[in-house]
Amino acid sequence: MSETTETVSRPVQTFLPHRAGLPRLSTYFVTLWRRRHFAIELSRASMRAAHTNTFFGQFWLVISPALNAVVYFLLVNIIRGGNSGPDFFLHLLAGLFAFNFISATMSAGANSVVSGGSLVLNTAFPLLLLPWSALRTAFFRFLPSLIILLAFFSYFAFIGPHPVACDAAGACVELNTVHFSPVQLMAIPAFMLIFVFAAGLAALMATVQVYFRDTTQFLPYATRIWLYLSPVLYYADQLQPWMLKLEYFNPLFPMLGIWTDTLARGIMPPMSWWLGSAAWAFGTLLIGTFYFISREREFAVRI
Amino acid sequence: MEDEMGEPIPQIAHRSVSNEVAITVADLDVTYRTTIEKRPTLKQAIVRLGRGKRSVRTVEALKDVSFQVNRGTVLGIIGHNGAGKSTLMRTVAGIVPPTRGKVEVVGRTSTLLSLGVGFNRQLTGRENVILGGLAAGLTKDELEDRYDRIAEFADIGDFIEMPMRSYSSGMAARLAFSVAVHLDPDILLIDEALSTGDAVFKEKATERMQQLVDNSSTMLLISHALRTIINMSTECIWLDHGKLMMRGNPEEVVDAYTEYMHVKKTSAVLNDM
């Protein structure tokens, strides 16, 4: 980007070679902030174009995650052959919705720069606004799914049956353990980490897509496998010890773990999960952002 | 003045050029790497890896180019395809950074480049105008102020509220031109953008460019229609394979260029080259 100084009300812009492939970061981020309204407007306009502001458009934003959840719930229950309780259903919903947010950010982020077309070719602006705009869109599409979650949660907590099973010795356990608890507030910082992680992924995927245009074709398969490897269709603590070791390499293991445990089960996950999530989230943000910025000058000649 | 088709050829009257410098280009090299493939894929990359081939090509688009442009100048840029004209424009606009050297630009630049207008064809003309303006650094209020003028000047009626995929190329060009000139640029960069649009709009566009010149805006103009360059510019530079060959009076530079290219300076060449 440029350095800007005022002389006789006309800004002087100096364009110099990038040092180590990077523009001056202070100027870059200042410009990025000043032009944030572009990312916001782009996200709004593309949501309008996808008719998500019409009644039925919004309706689908709520219905499709709910149907998705029902499909997976049936699948998991049939495969397991058992009937899981309401707490597992809520865990599944919460996990699935957060996972969908991440995968939507990835695919929209991947397309953000290559679909920027002539704007990328003809206008000097921080292109990081494009994946960030995709992130904003994915976030606003994720929000309605929380309504579904809240509805089911309220049902199980207040209206649904609360059967109690007692053994011969007279010790009783409640089968429906769903109840609102203050621990659920910890889902907010948990989601923030997921959001930060997604921001990094969006920038990363946007860059990769410029170099390999078939990335978006591989992406659905990769995300599906990622879903099965992550604690969405099962509880994290159900894994075999040897698998748990492998999960150190899966960022979504601690991240979805802290999200579903706090939000759906109301239990406080171990500190190691929080630290692991934070490390993955900020690490990905840092790597994704800098990879993007260091390659950005090439985008205008590669699109 | 008219060409053989009876269409008016844009012409601009020039006031004296100021001695304030608007653009300084010093020892500019621009080198970039690009792929040979139109649409690079991972699949092809793996196939190439197996064969030990590389698909990346280094393009030396500009080599050691230096010049200054004073405020109020209309600088024509001519040269063969691939001479580096567009790269020069994009470097001045700050889109492509220099590999070596320096570009200094005084004032706000606005670009009207050839590579397409309206970046998202799913969105309406209005949305494209707003987004283009926001990306170029205007505030929402500034855009609110100008929007009506932009729409009126483009004169495409109700199409402004329709997705740009429904536009004809002329309509898209009119909208793009309207946006570029209404951003009140100190420096306007125009790359082959006047070739589209009908005669009436061309006239209107020329009029508006005259206004900008009168307000001592600086203009950089790329056109293959050499007549346009002669009529509109106060100065002209000629690029050949990334090198600055000549700079001076438009008529003289065009003469030298056409002679060098071994083409007869017929009227058809002047209009269409």
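Scoring rules and cut-offs
- Residues numbered from 1 in each chain as written.
- Chains lettered and ligands numbered in written order.
- Predicted model: local features only at pLDDT ≥ 70, side-chain atom pairs only at ≥ 80, totals over all residues.
- Heavy atoms only, no water.
- Helix = DSSP H or I, 4+ residues; strand = E, 2+ residues; numbered from the N terminus.
- Buried < 20%, exposed > 50% of the residue type's maximum accessible area, 1.4 Å probe, protein only.
- Contact = heavy atoms within 4.5 Å.
- Areas by Shrake-Rupley, 256 points an atom, 1.4 Å probe, with all protein chains shown as cover.
- Salt bridge = Lys/Arg side-chain N within 4 Å of Asp/Glu carboxyl O.
- Polar contact = N/O pair within 3.5 Å; in protein donor to acceptor, adjacent residues only side chain to side chain.
- Nonpolar A, V, L, I, M, F, W, Y, C, P; charged D, E, K, R; others polar.
- pLDDT = per-residue confidence, 0-100.
- Pairing = 2+ DSSP bridges.
- Axes fitted to C-alpha atoms, helices over the stretch in contact; angles between N-to-C directions.
- Core = buried A, V, L, I, M, F, W, Y, C linked by side-chain atoms within 4.5 Å.
- Expected span 1.5 Å × (residues − 1).
- Bend = angle between axes of the 7 residues up to and from the residue.
- Phe/Tyr/Trp six-rings, centres within 6.5 Å; stacked < 30°, edge-to-face > 60°.

Student: I'd like a description of the overall build of chain A, backed by residues and values.
Tutor: Of regular secondary structure, chain A possesses eleven helices and four strands. Residues classed as buried in chain A amount to 51% of the 303 residues present. A separation threshold of at least 6 residues defines the contact pool for chain A, and within that pool the share at least 24 residues apart is 74%. Total accessible area on chain A is roughly 14500 Å²; 71% of this is exposed by carbon and sulfur atoms.

Student: Help me get a handle on the environment of glycine 276 of chain A, residues and values and all.
Tutor: As for its placement among the helices and strands, glycine 276 of chain A is situated in helix H11 (residues 271-302). Considering only alpha carbons, one finds glycine 276 of chain A and leucine 252 of chain A, 24 residues apart in sequence, at a separation of 9.8 Å.

Student: Go over the interface of chain A and chain B, please, and point to the residues and values.
Tutor: Listed by partner, the interface residues are 42 residues for chain A and 53 residues for chain B. Linking chain A with chain B are three salt bridges, by the criterion used here. With a shortest N-O distance of 2.8 Å, arginine 48 of chain A and glutamate 127 of chain B are connected by a salt bridge. Put simply, chain A and chain B have 13 residue pairs in polar contact (both at pLDDT 80 or more) between them. By residue number, the principal contributor to the side of chain A that touches chain B is helix H2 (residues 36-49) of chain A, which donates nine residues. Split by residue class, the side of chain A that touches chain B holds 20 nonpolar, eleven polar and eleven charged.

Student: Which residues make up the pattern of salt bridges, and what values do they have?
Tutor: Tallied over the full model, the rule gives 14 salt bridges over all chains. The partner of arginine 265 of chain A in a salt bridge is aspartate 261 of chain A, and the shortest N-O contact between them spans 3.1 Å. Taken as a pair, arginine 265 of chain A and aspartate 261 of chain A lie in helix H10 (residues 252-265) at a separation of four residues, close to a single helical turn. The partly exposed category is assigned to arginine 265 of chain A, whose relative accessible area is 24%. Residues glutamate 142 of chain B and arginine 146 of chain B are paired through a salt bridge, measuring 4.0 Å at the closest nitrogen-oxygen approach. Residue glutamate 142 of chain B and its partner arginine 146 of chain B are both found in helix H4 (residues 140-154); the two are separated by four residues, about one turn of the helix. Overall, glutamate 142 of chain B belongs to the partly exposed group, its relative accessible area being 25%.

Student: Can you tell me about unusual backbone geometry, naming the residues and giving the values?
Tutor: All names here are of chain B. At aspartate 27, a residue that is not glycine, the phi angle is positive and equals roughly 45°. For aspartate 27, the position within the fold is in strand E1 (residues 21-35). The partly exposed category is assigned to aspartate 27, whose relative accessible area is 40%. Not every positive phi belongs to a glycine, and histidine 241 is a case in point at roughly 45°.

Student: I'd love a proper account of the confidence of the model for chain A, names of residues and values included.
Tutor: Residue and element names in this part refer to chain A. Scored by pLDDT, chain A comes out at a mean of 86, with 94% of its residues at no less than 70. The secondary-structure element of chain A with the lowest mean pLDDT is strand E1 (residues 3-7), recorded at 44, while helix H7 (residues 187-211) shows the highest, at 96. Low pLDDT, under 50, characterises residues 1-7; the stretch is placed with 26 contacts to residues that sit more than four places away or in other chains.

Student: I'd like to hear about the pairing of E1 of chain B, residue by residue, with values.
Tutor: In summary, the side chains of a regular strand alternate between the two faces of the sheet. All names here are of chain B. Relative to strand E2 (residues 56-70), E1 runs antiparallel, the two being bridged by eleven bridges. Counterpart to threonine 31 in the pairing with E2 is glutamate 60. Where E1 and strand E4 (residues 100-106) come together, five bridges link them in antiparallel fashion. Bridge pairing in E4 links aspartate 29 to arginine 100.

Student: Describe the sheet that holds strand E7 (residues 218-222) of chain B, with residues and values.
Tutor: Residues and elements named next belong to chain B. A sheet is described by the order of its strands in space; here six strands give the open sequence E5-E6-E7-E3-E8-E9, paired in mixed fashion. If you trace the sheet from one side to the other, it starts and ends with strand E5 (109-112) and strand E9 (243-248), each paired once. With strand direction ignored, the average angle separating the axes of adjacent strands in the sheet is 15°. Direction of pairing for strand E3 (residues 74-78) relative to strand E8 (residues 235-240): parallel, over a ladder of four bridges. Paired with isoleucine 77 across the bridge in E8 is isoleucine 237. On top of the sheet, helix H5 (residues 169-182) reaches E5 and strand E6 (187-191); it is set at about 170° to E5, its chief contact. Together, E3, E6 and E7 form the strand contacts of helix H6 (residues 199-214), whose direction differs from that of E7 by roughly 140°.

Student: Which residues make up the nonpolar core, and what are the values?
Tutor: In this structure, Phe101, Ile194 and Trp259 of chain A are the most contacted members of the largest nonpolar core, which totals 60 residues. Considering every element that reaches this core, the biggest residue donor is helix H4 (residues 86-114) of chain A, with 14 residues. Once residues lying within four places of it in the same chain are set aside, the contact partners of phenylalanine 101 of chain A are Leu135, Ala138, Phe139, Phe142, Phe191, Ile194, Phe195 and Ala198 of chain A. Core analysis: the second largest hydrophobic core is formed by 42 residues, Ala39 and Ile293 of chain A together with Ile156 and Ile160 of chain B among them.

Student: Could you give an account of H4 of chain B, with specific residues and numbers?
Tutor: All names here are of chain B. For H4, which comprises 15 residues, the first-to-last C-alpha distance of 20 Å matches the rise-based estimate of 21 Å (1.5 Å per residue) to within 8%. Along H4, the sharpest kink reaches roughly 40°, centred on arginine 146. All buried positions along H4 are accounted for by Leu143, Arg146, Tyr147, Ile150, Phe153 and Ala154. Along its buried surface, H4 packs onto helix H3 (125-135), H5 and H6. Following H4 by one or two positions, aspartate 155 has its phi on the positive side, about 55°.

Student: Let's hear about the packing of aromatic side chains: which residues, and what values?
Tutor: Residue and element names in this part refer to chain A. Applying the stated criterion across every chain, the model contains 30 aromatic pairs over all chains. Arranged with centres 5.9 Å apart and planes meeting at 40°, the rings of phenylalanine 139 and phenylalanine 191 form a pair that is tilted. Here phenylalanine 139 is found in helix H6 (residues 129-159), whereas its partner phenylalanine 191 is found in helix H7, with 52 residues between them in sequence. Phenylalanine 139 gets classed as partly exposed once you look at its relative accessible area, which sits at 23%. Taken together, a centroid distance of 4.8 Å and an interplanar angle of 5° make the contact between phenylalanine 142 and phenylalanine 191 stacked. Placement of the pair is phenylalanine 142 in helix H6 and phenylalanine 191 in helix H7, with a sequence separation of 49 residues.

Student: I'd like a rundown of the pairing of E4 of chain B, residues and numbers included.
Tutor: Alignment of strand E2 (residues 10-15) of chain A against E4 of chain B, held across four bridges, turns out to be antiparallel. Bridge pairing in E4 of chain B links phenylalanine 15 of chain A to valine 103 of chain B.

Student: Before we move on, can you summarise the environment of alanine 98 of chain A with the specific residues and values?
Tutor: Residue placement: alanine 98 of chain A occurs in helix H4. Considered as a pair, alanine 98 of chain A and leucine 143 of chain A are 45 residues apart in the sequence and their alpha carbons are 10.0 Å apart.

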